[in-house]
Amino acid sequence: MSELVSDDVTDFVRAVGPQPDEVLTEMDEYGEEIGFPTVGPAVGGWLATLARLVDAERVFEFGSGFGYSAYWFARALPPTGEVVLTEIDADELDRAREYFDRGDLTERATFEHGDAIETVDDYEGPFDVVLIDNEKDRYEEAFDAVREKVAPGGVVIADNAMTSTSVDFETVLELVEGETVKDANESTRGVAAYLERVRADPDFETAAIPLGEGIAVSHRTE
């Protein structure tokens, strides 16, 4: 993972933010062990805080892995809330179920095996929070698939908005600033196209939080 801010800043954000429970700590350790890039506790705390700020009751995730970010969301939801996890890897989704069961959060979760963009078509809105964390070249497609289902006052959060193993930060910046870059890869172009799309939408206002690999938070104002 490319570092956007110093370890000291990340440690500070993690220290003052919402604290992980034992299950989240184990999930962090598992992610590090297998090399799975979770958002980490600093960003996880922000996800939970954003959910609380909009009084979220329903969350939809495009790409959930073994449930790390969804677990942070679930803890911030009321007992009657719902987070919809989507994952193409059945084994990862089964592991997410195990973690949610151990955290006594299963009743707040719906587990969907398959393509997230196809899955969202089966759901009616509104969603108060949407997390986009699927294939980077499909971010714009994911937004278009869920846009009308985002509640007024809700937020769409895109992970890897600034960097990742396949997203180059400097190139994203150049593309967002309107420069022509001939050799950008599909993931980098996908993230930049998403940012251009959501920033141009008159019903959304977007800001970036430079933690983890960068998240873009788009608030639906209309």
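An account of the accompanying structure is given in this report. Since we're looking at a predicted model, the values are computed, not measured. (Residues numbered from 1 in each chain as written. Predicted model: local features only at pLDDT ≥ 70, side-chain atom pairs only at ≥ 80, totals over all residues. Heavy atoms only, no water.)

## With respect to helix 3 (residues 40-53)
Link 1 in the chain: Between its terminal C-alpha atoms helix 3 stretches 20 Å, which fits the 20 Å expected from 14 residues at 1.5 Å a residue.
Link 2 in the chain: Buried residues of helix 3: Gly-40, Pro-41, Ala-42, Val-43, Gly-44, Gly-45, Leu-47, Ala-48, Leu-50 and Ala-51, and no others.
Link 3 in the chain: Of the surrounding secondary structure, the elements contacted by the buried residues of helix 3 are helix 1 (7-16), helix 2 (22-34), helix 4 (68-76), strand 4 (127-132), strand 5 (150-159) and strand 7 (215-220).
Link 4 in the chain: Directly beyond the C-terminal end of helix 3, a positive phi value near 50° is found at Asp-55. (Helix = DSSP H or I, 4+ residues; strand = E, 2+ residues; numbered from the N terminus. Expected span 1.5 Å × (residues − 1). Buried < 20%, exposed > 50% of the residue type's maximum accessible area, 1.4 Å probe, protein only. Contact = heavy atoms within 4.5 Å.)

## Focus: unusual backbone geometry
Link 1 in the chain: Residue Pro-126 is reached from Gly-125 by a cis peptide bond, and omega for that bond is 0°.
Link 2 in the chain: In this structure, Asn-160 takes a positive phi of about 60° despite not being glycine.
Link 3 in the chain: Here Asn-160 shows up in the loop between strand 5 and helix 8 (169-176).

## Remarks on helix 2
Link 1 in the chain: Its 13 residues give helix 2 an end-to-end C-alpha distance of 19 Å, which sits within 8% of 18 Å, the value for a rise of 1.5 Å per residue.
Link 2 in the chain: Three or more residues of helix 2 are buried, namely Val-23, Leu-24, Met-27, Asp-28, Tyr-30 and Gly-31. One side of helix 2 carries all its buried residues, which in axial view fall inside an arc of 165°. Facing away from the buried side of helix 2 by more than 90 degrees, the exposed set consists of Glu-22, Glu-32 and Glu-33.
Link 3 in the chain: On its buried face, helix 2 sits against helix 3, helix 4 and helix 5 (90-102).
Link 4 in the chain: Two or three places before Val-23, at the start of helix 2, stands the capping residue Asp-21, its side-chain oxygen 3.1 Å from that residue's backbone nitrogen. (Arc of directions from axis to C-beta. Polar contact = N/O pair within 3.5 Å; in protein donor to acceptor, adjacent residues only side chain to side chain.)

## Some points on the packing of helix 1 against helix 3
Link 1 in the chain: Here helix 1 crosses helix 3 at 45°, and the two axes come no closer than 8 Å. Relative to helix 3, helix 1 is oriented oblique. For helix 1 against helix 3, the interelement crossing comes out left-handed. Residues Thr-10, Val-13 and Arg-14 of helix 1 lie in contact with helix 3, whose contacting residues are Pro-41, Ala-42 and Trp-46. (Axes fitted to C-alpha atoms, helices over the stretch in contact; angles between N-to-C directions. Parallel < 35°, antiparallel > 145°, perpendicular 65-115°, else oblique. Left-handed = near helix turned anticlockwise from the far one by under 90°.)

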